[in-house]
Amino acid sequence: MNKTKPKFEDIQKSAEDFRYLLNRGYPRKAVLELVGNRYGLTFDERHLLHRGVFSSADSKARQKKLIPIKEIQNKNLAIDGHNTVITIEAGLSGRPLVLADDGFVRDISGLSGSFKKTETTGEAIQLIVNLLKKVKPRQTLFLFDAPISKSGELAQEVRNKLKRENLLGDAIAVKVPEKILIGFPGVIATSDTAIIDQSGEVVDLAGNILRNLQLRSSFAGAATQPFIRWRRKRGSIGKR
């Protein structure tokens, strides 16, 4: 009889231990290495913890900044371009997503630096534009990372879509989008923790789109990639 515990149980326990130690003030990087070594986690499994598990204090602070999507109406909106597009693409492509402790949906693929535009990119952008038409922000600024390949072309594509849909806004590729996003006088759409922690109102634009896609898929009887979701008690990782 095989007495080896399923791997997901080890990941769940590692998430609990990671959170426990973070709540007691231990440094994040050192704790991740400690817990990862303790449970023999792979690089991807450690990245899952890094993207999805936070101290209770950090989670609560970010949740207070997280506003419902409908509240961006008539407000200026700045979108962390690659962050948002890559997360939506991950959902469309069936790559893993985590519903993190702080309430944000994040991809765990680590593709940002090696991102390449595909057909799915256009689909992700169209989903964003469709949502903007529905919620009606005052104007929208997309910010893409210029160092990432073909960011200028991506910004141009978004500008064209905004113009065709008669949406006020712009899309630009800049060397350091964070310099504009942090301190932007309006709502920020991102799941980047560094930006969230230094911002006022934040919306999980990608998470909202993906939740709606999952809801529509479930009604249509279609298969959809669930979010990895942590449980607070010992047991297997839950999935939504």
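Please read all numbers here as calculations on a predicted model, not as lab measurements. (Residues numbered from 1 in each chain as written. Predicted model: local features only at pLDDT ≥ 70, side-chain atom pairs only at ≥ 80, totals over all residues. Heavy atoms only, no water.)

Please clarify how the pairing of strand β5 (residues 169-174) should be interpreted in this entry.
Within a regular strand, side chains alternate between the sheet's two faces. In terms of strand pairing, strand β4 (residues 139-145) meets β5 through six bridges, oriented parallel. Paired with L143 across the bridge in β5 is I172. Regarding topology, helix α7 (residues 151-164) serves as the crossover connection from β4 to the parallel β5, and that connection is right-handed. (Pairing = 2+ DSSP bridges. Helix = DSSP H or I, 4+ residues; strand = E, 2+ residues; numbered from the N terminus. Right-handed = clockwise from strand over helix to strand, strands pointing away.)

Can you walk me through the side chain of T87 in this structure?
By secondary structure assignment, the location of T87 is in helix α5 (residues 81-93). Given a relative accessible area of 1%, T87 falls into the buried group. If sequence neighbours within four positions are ignored, T87 has contacts with L97, V105, D107, S191, A206 and L210. (Buried < 20%, exposed > 50% of the residue type's maximum accessible area, 1.4 Å probe, protein only. Contact = heavy atoms within 4.5 Å.)

Before we go on, may I ask you to explain the packing of helix α6 (residues 119-135) against α7 in this structure?
Two numbers describe a pair of packed helices, the interaxial angle and the distance between the axes. With their axes 11 Å apart at the nearest point, α6 and α7 run at an angle of 40° to one another. For α6 against α7, the interelement crossing comes out right-handed. Here T121, G122, I125, Q126, V129 and L132 of α6 come into contact with α7, specifically with L154, E157, V158, K161 and L162. Classifying every residue of the contact of α6 with α7 by side-chain character gives six nonpolar, three polar and two charged. (Axes fitted to C-alpha atoms, helices over the stretch in contact; angles between N-to-C directions. Left-handed = near helix turned anticlockwise from the far one by under 90°. Nonpolar A, V, L, I, M, F, W, Y, C, P; charged D, E, K, R; others polar.)

Looking at this structure, I do not really get the sheet that holds β5. What am I missing?
Across a sheet, strands are paired by hydrogen bonds formed along the backbone, either parallel or antiparallel in direction. An order of β5-β4-β1-β6-β7 is seen for the five strands of this open sheet, with the pairing classed as parallel. The open sheet has two edge strands with one neighbour each: β5 and β7 (202-203). α7 contacts β4 and β5 of the sheet and is inclined by roughly 180° relative to β5.

When you look at the pairing of strand β1 (residues 76-80) in this model, what are you seeing that I'm missing?
Counting buried positions along β1 yields five of five residues, so the element is predominantly enclosed. Pairing between β1 and β4: five bridges, direction parallel. Across the sheet, residue D80 finds its bridge partner in β4, namely L143. In this sheet, strand β6 (residues 187-189) lies alongside β1 in parallel orientation, the contact comprising three bridges. Note on β6: the bridge partner recorded for A78 is I188.

Looking at this structure, I do not really get the pattern of salt bridges. What am I missing?
Side chains bearing opposite charge may pair, as long as their charged atoms lie close to each other. Per the counting criterion, the structure on display carries nine salt bridges. Of the charged contacts, one joins D102 and R106 as a salt bridge, the two residues approaching to 2.8 Å between their closest N and O atoms. Put simply, R62, D102, R106 and D197 are held in one network by salt bridges that share partners. (Salt bridge = Lys/Arg side-chain N within 4 Å of Asp/Glu carboxyl O.)

Explanation requested: helix α1 (residues 7-23) in the structure shown.
What sets the pattern is the α-helix's 3.6 residues per turn: residues three or four places apart point alike. Taking 1.5 Å of rise per residue, the 17 residues of α1 would be expected to cover 24 Å, and the 24 Å separating its terminal C-alpha atoms lies within 8% of that figure. Within the span of α1, buried status applies to I11, Q12, K13, S14, A15, E16, F18, R19, L21 and L22. Where α1 is buried, its residues touch α2 (28-39) and α3 (43-52). (Expected span 1.5 Å × (residues − 1).)

I'm lost on the environment of P137 in this one. Help?
Structurally, P137 can be placed in the loop between α6 and β4. It is 8.8 Å that separates the C-alpha atoms of P137 and E71, two residues lying 66 residues apart in sequence. Every residue in contact with P137, bar those within four places of it in the chain, is listed here: I72, Q73, N74, K75, L77 and L132.

Whenever I open this one, the packing of aromatic side chains confuses me. Can you help?
Working definition: an aromatic ring pair is given by the centre-to-centre distance plus the angle between the planes. Evaluation of the coordinates by the stated rule reveals one aromatic pair. Aromatic side chains F142 and F144 sit 6.3 Å apart centroid to centroid with 10° between the ring planes, which places their arrangement in the stacked category. Assessed through its relative accessible area of 2%, F142 is described here as buried. Sitting over the face of the ring of Y20, R24 holds its NZ or CZ atom 3.6 Å from the ring centroid. If you follow R38 out to its NZ or CZ, it ends over the ring of Y39, 4.9 Å from the centre. (Phe/Tyr/Trp six-rings, centres within 6.5 Å; stacked < 30°, edge-to-face > 60°. Lys NZ or Arg CZ within 6 Å of the ring centre and 35° of its normal.)

No statement about biological role is implied by the geometric values presented.
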